[in-house]
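These are the residues of each chain, in order.
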Amino acid sequence: MKRYVAFAFILLAGCSPKAGSTLTLQPNRLLYASADINRVSLVDSIRRIKPGGLLLGRTVKVTLRDGTQKKIPQHEIWGYSDGKGNVWRHFRKSFYQVVRVSEVVEYVVTRSRIVGQGVTVYEPVWLYSKTLDSQIVGSRKRALKTDGEPLSD
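Computed from a prediction, not measured in an experiment: that's the story for all the values here. (Residues numbered from 1 in each chain as written. Predicted model: local features only at pLDDT ≥ 70, side-chain atom pairs only at ≥ 80, totals over all residues. Heavy atoms only, no water.)

1. Here we look at the sheet that holds strand β5 (residues 79-81)
Under the convention used in this document: DSSP bridges decide pairing: two strands pair if at least two such bridges lie between them. We count a stretch as a helix when DSSP gives it H or I for four or more residues in a row; a strand needs E for two or more, and each element gets its number in order from the N terminus. Lines fitted to C-alpha atoms define the axes, with helix axes restricted to the stretch in contact, and inter-axis angles between N-to-C directions lie between 0 and 180 degrees.
Across the sheet, 6 strands lie side by side as β1-β5-β6-β7-β8-β9; this open sheet has antiparallel pairing. Each edge of the sheet is formed by a strand with only one pairing partner; in this case those strands are β1 (29-31) and β9 (119-129). Going across the sheet, the axis of each strand differs from the next one's by a mean of 35 degrees, ignoring polarity. Sheet topology places strand β7 (residues 94-101) next to strand β8 (residues 105-116); 4 bridges connect them, and they run antiparallel. When the bridges of β8 are listed, Arg 100 appears paired with Glu 106.

2. As for the side chain of Thr 63
Test applied: Classification of residues uses two cut-offs on accessible area relative to the type maximum, computed with a 1.4 Å probe and protein chains only: under 20% is buried, over 50% is exposed, and between them is partly exposed. Any pair of residues with heavy atoms lying within 4.5 Å of one another is described as a contacting pair.
Checked against the element boundaries, Thr 63 lands in strand β3 (residues 59-64). According to the relative accessible area criterion, Thr 63 is buried, its value standing at 7%. Discounting chain neighbours no more than four positions away, the residues touching Thr 63 are Ile 46, Arg 47, Arg 48, Thr 68 and Gln 69.

3. Overview of a positive patch on the surface
To keep it simple, the criterion reads: Residues qualify for a patch when their relative accessible area is over 30% and they have no salt bridge, like charges being joined within 9 Å and the nonpolar side chains of Val, Leu, Ile, Met, Phe, Trp and Tyr within 5 Å. Note on areas: Shrake-Rupley, 1.4 Å probe, and residue coverage restricted to the protein chains presented here. We count a salt bridge whenever a side-chain nitrogen from Lys or Arg sits within 4 Å of a carboxyl oxygen from Asp or Glu. None of His or the chain ends enter the tally, which takes Lys and Arg as positive and Asp and Glu as negative. In this description, the location of a charge corresponds to atom NZ of lysine, CZ of arginine, CG of aspartate or CD of glutamate.
Taken together, the side chains of Arg 47, Arg 48, Lys 50 and Arg 65 define a basic patch exposed on the protein surface. Residue position: Arg 65 is located in the loop between β3 and β4 (69-73).

4. Re the confidence of the model for the protein chain
Note the cut-off: In predicted models, pLDDT denotes the confidence assigned by the predictor to each residue on a 0 to 100 scale.
Here the protein chain averages 76 in pLDDT, and 73% of its residues register 70 or above. Across the protein chain, the secondary-structure element scoring lowest on mean pLDDT is helix α1 (residues 2-14), at 53, and the one scoring highest is β9, at 91.

5. A word on the pattern of salt bridges
Per the counting criterion, the structure on display carries 4 salt bridges. Here Glu 103 makes a salt bridge to Arg 140, at a shortest N to O gap of 3.0 Å. Highlighted residues: Glu 103 in the loop between β7 and β8 and Arg 140 in helix α2 (residues 140-145), separated in sequence by 37 residues. Its relative accessible area of 55% is what places Glu 103 among the exposed residues. Each of Arg 100, Glu 103, Glu 106 and Arg 140 takes part in salt bridges that share partners, so that together they form one network.

Rendered as structure tokens:
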């Protein structure tokens, strides 16, 4: 019975009205500042971008058009756009997908949650910030209360 309830939650999460379109831009770009979202890079020599895994968690692996690979420290970049053009922001050692930019910036990240004995559910978690450079928090109300000042990490 518990598995059916978990399955029903998964189906309802997929039908959520927030599961709509996401912010997309030119694919496979490194973004060194939030202002780079609005710029188009005509000279783009990157073939593929991958965030580091468990062992390489502090770097982003970049494959150039000629096949050479570079590792760039995460703290040097604001974020990146993946092969589909989805924008990912780096904040406190994690990457968050930028979904919508309006009076509050909306992010989504998939996190796992243990529902029952041996049942793990992966669900989207929505987070917010006042600007593209401010702190990411768990509610829209808290995001509007923050200063909106850029962080200096």
